[in-house]
Amino acid sequence: MQSPSNAAASAPRSLLFELLPITLTVFVGFLTLGLALPVLPLHLQSALSMSPLVVGTVIASQFAAALLTRAWAGSMVDTRGAKRAVVIGLGLGACSGLAYLASLGAPAGYGAVAILIGARLLLGCAESLVVTGALGWGVGLAGPQNAGKVMAWVGIAMYGAYAAGAPLGVFVYGRFGFCGIALATVLIPVLALAIVARVAALAPSHKVRVPFYKVLRAVWLPGVGLALSSMGFCAITAFAALLFSAKGWGDAALAFTSFGAAFIGARLLFGHLPDTLGGARVALVCVLIEAAGQLLMWSAPTAVLACVGAAITGFGYSLAFPGFGVEAVRRAPPESRASAMGAYVAFLDMSLAVSGPLAGMVAMRWDVGSVYLAGALAVASSACVALRLRATGPA
C-alpha cells in the first residue's frame, strides 16, 4: 500500500507523464515556427528587398490569423474535443509549408510577399488550434487547480521549439535556402501527427457553445496584461534578426536560443509559483524583469549583452504568461475553460499582430534598436494591470 507521502510525491510525476505526449506534440509542431523566426525577415529583406514595415506586417499576419480564429478554436475544443483541434491545426501547419514553396515560384516582389502572407495566415490558424487544443486537453487531464502547471509545460514546449528551431533554421537556410525551410515546414507537422495519433481523446467538456463575448468579458483584464507584456516577445521574434544585421553581429540565432533557454529554465524552476503564490503577484514581479531585459537589448553595445537582454526578457515573460493566465482561468465559467484560454491567448495574438507593424514604423522613424525601448515601456505598463488584478481578485 502506498503511503500518503509517496502518493503526494508521485502526483507531480503522474501529471507530467500524462502531459508528456501533448507537450511533445506541441514542441515538434512548433518547430515550424522556430525554423522561420531568424530567417524569414532576412529572406524578405535580402531576397525580396522589402522594408522593415513589410517585414513586420508579414510576421504579424500569422498572429492576426491566430487572433481571428481563437473563438472558433476554443469552441471546437469545448464542443468537439481537443484532439480534433490539434490534428486539424497540424494539418494546416503542413499546408503553410506548401505555401512557402509556392512563394519561391512567384515573381520576386509583392506577388511573393502576398503568398508568404497566405502561408503565415495558415500558420496562424494552425497555431491557434494547436495551442488552444493543447491547453484545453491539459487542463481536462490535470484539473483547473493545475492550470498554471499546464500553461507552464505547454509554454516550455512552445518556446523550447523556438529555442531549438532558431539555430536549426539558420543551418537549414544556410545549406538549402528558403526552399529547405519550406520543405521542413511541410514535414515536421507530419511527425507531430504521428505522436498525437496514439493519444486517447478526451470527451468534449460542453455540448452547447457559450457565447464568446461572455467568455471575453470574464478574462479581458488578465488579457490586457498579457497583451502588454507580450510586446517584448514580439520585439525579439520580429526584429532580433534585423538588429543583429544592422549592428554587424552576424545571425541572431543565439538571441533566440538565449530567450528560449531562459524561458524554459524559469518555467522548470518556478512554474509552480502562479498556482501557489497567486498569478497577479508573480506577473507583477516578472513583467518588471522582462522590461529590464528589453532596456538592456536597446542599450547593448555588443552581441553578448544583447543576448543577455534576450535571456532576461525570456525569464520575465516566462512566468508573466501563466501568471496572468491563472487569473484568467479563475474568472472563467467552468463549462467553457478552453474557450476562456482561447480568449486569453487571443490577447497575445492581438498584441503580436499590432506590435509588428508598429515596431516596423518605430524602426523606420528612428532605428531598429528603438524597438526595444518601446517594448520596455509597453511591458512595464502591464505592471499596472497586475496591481489591479491583485486589488480586485476574481470577479
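The model shown is predicted, which means the values in this text are computed figures rather than measured ones. (Residues numbered from 1 in each chain as written. Predicted model: local features only at pLDDT ≥ 70, side-chain atom pairs only at ≥ 80, totals over all residues. Heavy atoms only, no water.)

Participant: For this particular structure, what's the right way to read the overall build of the chain?
Facilitator: Along its length, the chain carries 14 helices and zero strands. Starting at the N terminus and walking to the C terminus, you meet the elements of the chain as α-α-α-α-α-α-α-α-α-α-α-α-α-α. Judged by the C-alpha coordinates and their principal axes, the chain covers about 65 × 40 × 40 Å. Taking all 395 residues of the chain together, the buried fraction comes to 58%. Pairs at least 24 apart in sequence give 87% of the contacts found in the chain among residues at least 6 apart. (Helix = DSSP H or I, 4+ residues; strand = E, 2+ residues; numbered from the N terminus. Buried < 20%, exposed > 50% of the residue type's maximum accessible area, 1.4 Å probe, protein only. Contact = heavy atoms within 4.5 Å.)

Participant: Got a minute to help me understand the nonpolar core in this structure?
Facilitator: Most often, soluble globular proteins have nonpolar side chains that are buried together. Phe30, Leu40, Leu44, Tyr100, Tyr317 and Tyr372 are the most contacted members of the largest nonpolar core, which totals 123 residues. If you tally residues by element for this core, the top one is helix 6 (residues 147-196), at 18 residues. For Leu44, the contacting residues outside a window of four places in its chain are Ser49, Met50, Val55, Val58, Val113 and Leu116. (Core = buried A, V, L, I, M, F, W, Y, C linked by side-chain atoms within 4.5 Å.)

Participant: What exactly am I supposed to notice about helix 9 (residues 253-270) here?
Facilitator: Residues three or four positions apart in an α-helix share a direction because the helix packs 3.6 residues into each turn. If you check helix 9, its first and last C-alpha atoms are 26 Å apart, about what 18 residues at 1.5 Å a residue would give, namely 26 Å. Three or more residues of helix 9 are buried, namely Ala253, Ala255, Phe256, Ser258, Phe259, Gly260, Ala262, Phe263, Ile264, Ala266 and Arg267. Those residues of helix 9 hidden inside the fold are in contact with helix 6, helix 8 (231-247) and helix 12 (303-331). (Expected span 1.5 Å × (residues − 1).)

Participant: Help me understand the packing of aromatic side chains, please; the structure alone is not making it clear to me.
Facilitator: One pair of aromatic rings is described through two measures. These are the centre distance and the angle between the planes. Throughout the structure, instances matching the rule amount to eight aromatic pairs. Between Phe233 and Phe259, the aromatic rings sit 5.6 Å apart at their centres with planes inclined by 25°, giving stacked as the arrangement. One end of the pair, Phe233, is in helix 8; the other, Phe259, is in helix 9, and 26 residues separate them in sequence. Each member of the pair, Phe233 as well as Phe259, is classed as buried. Ring geometry for Phe321 versus Tyr344: centroids 5.6 Å apart, planes at 70°, classification edge-to-face. With Phe321 in helix 12 and Tyr344 in helix 13 (residues 337-365), the pair connects residues that are 23 residues apart, well separated along the chain. The rings of Phe233, Phe259, Phe263 and Tyr317 are connected pair by pair, giving a single aromatic cluster. (Phe/Tyr/Trp six-rings, centres within 6.5 Å; stacked < 30°, edge-to-face > 60°.)

Participant: Looking at this structure, how should I read the environment of Cys286?
Facilitator: Summarising the element assignment, Cys286 is placed in helix 11 (residues 279-299). Overall, the relative accessible area of 5% leaves Cys286 in the buried class. Considering only alpha carbons, one finds Cys286 and Gly314, 28 residues apart in sequence, at a separation of 9.8 Å. Contact partners of Cys286, with chain neighbours within four places excluded, come to Gly316, Leu319 and Ala320.

Participant: Got a minute to help me understand the side chain of Lys83 in this structure?
Facilitator: One can find Lys83 in helix 4 (residues 82-104). When residues no more than four places from it in sequence are discounted, the contact partners of Lys83 are Trp137, Val196, Ala197, Val199 and Ala201.

Participant: Would you take a moment to explain the packing of helix 6 against helix 12 for this structure?
Facilitator: When two helices pack together, their arrangement is given by the angle between their axes and by how far apart the axes lie. Contact pair helix 6 / helix 12: the axes reach a minimum separation of 9 Å and the direction vectors enclose 145°. The hand of the helix 6/helix 12 crossing is right-handed. Residue-level contacts link Ala147, Gly148, Met151 and Tyr159 of helix 6 to Tyr317, Pro322, Gly325, Val326 and Val329 of helix 12. Residue composition of the contact of helix 6 with helix 12, by class: seven nonpolar, two polar and no charged. (Axes fitted to C-alpha atoms, helices over the stretch in contact; angles between N-to-C directions. Left-handed = near helix turned anticlockwise from the far one by under 90°. Nonpolar A, V, L, I, M, F, W, Y, C, P; charged D, E, K, R; others polar.)

Participant: How should I be thinking about a nonpolar patch on the surface in this particular structure?
Facilitator: On the surface, a cluster of nonpolar side chains totalling about 500 Å² of accessible area is made up of Leu53, Met350, Val354, Leu358, Met361 and Met364. Topologically, Met350 is positioned in helix 13. Taking the relative accessible area as the measure of exposure, Met350 reaches 35% and is therefore partly exposed. (Patch = residues over 30% accessible without salt bridge, like charges linked within 9 Å, V, L, I, M, F, W, Y side chains within 5 Å. Areas by Shrake-Rupley, 256 points an atom, 1.4 Å probe, with all protein chains shown as cover. Salt bridge = Lys/Arg side-chain N within 4 Å of Asp/Glu carboxyl O.)

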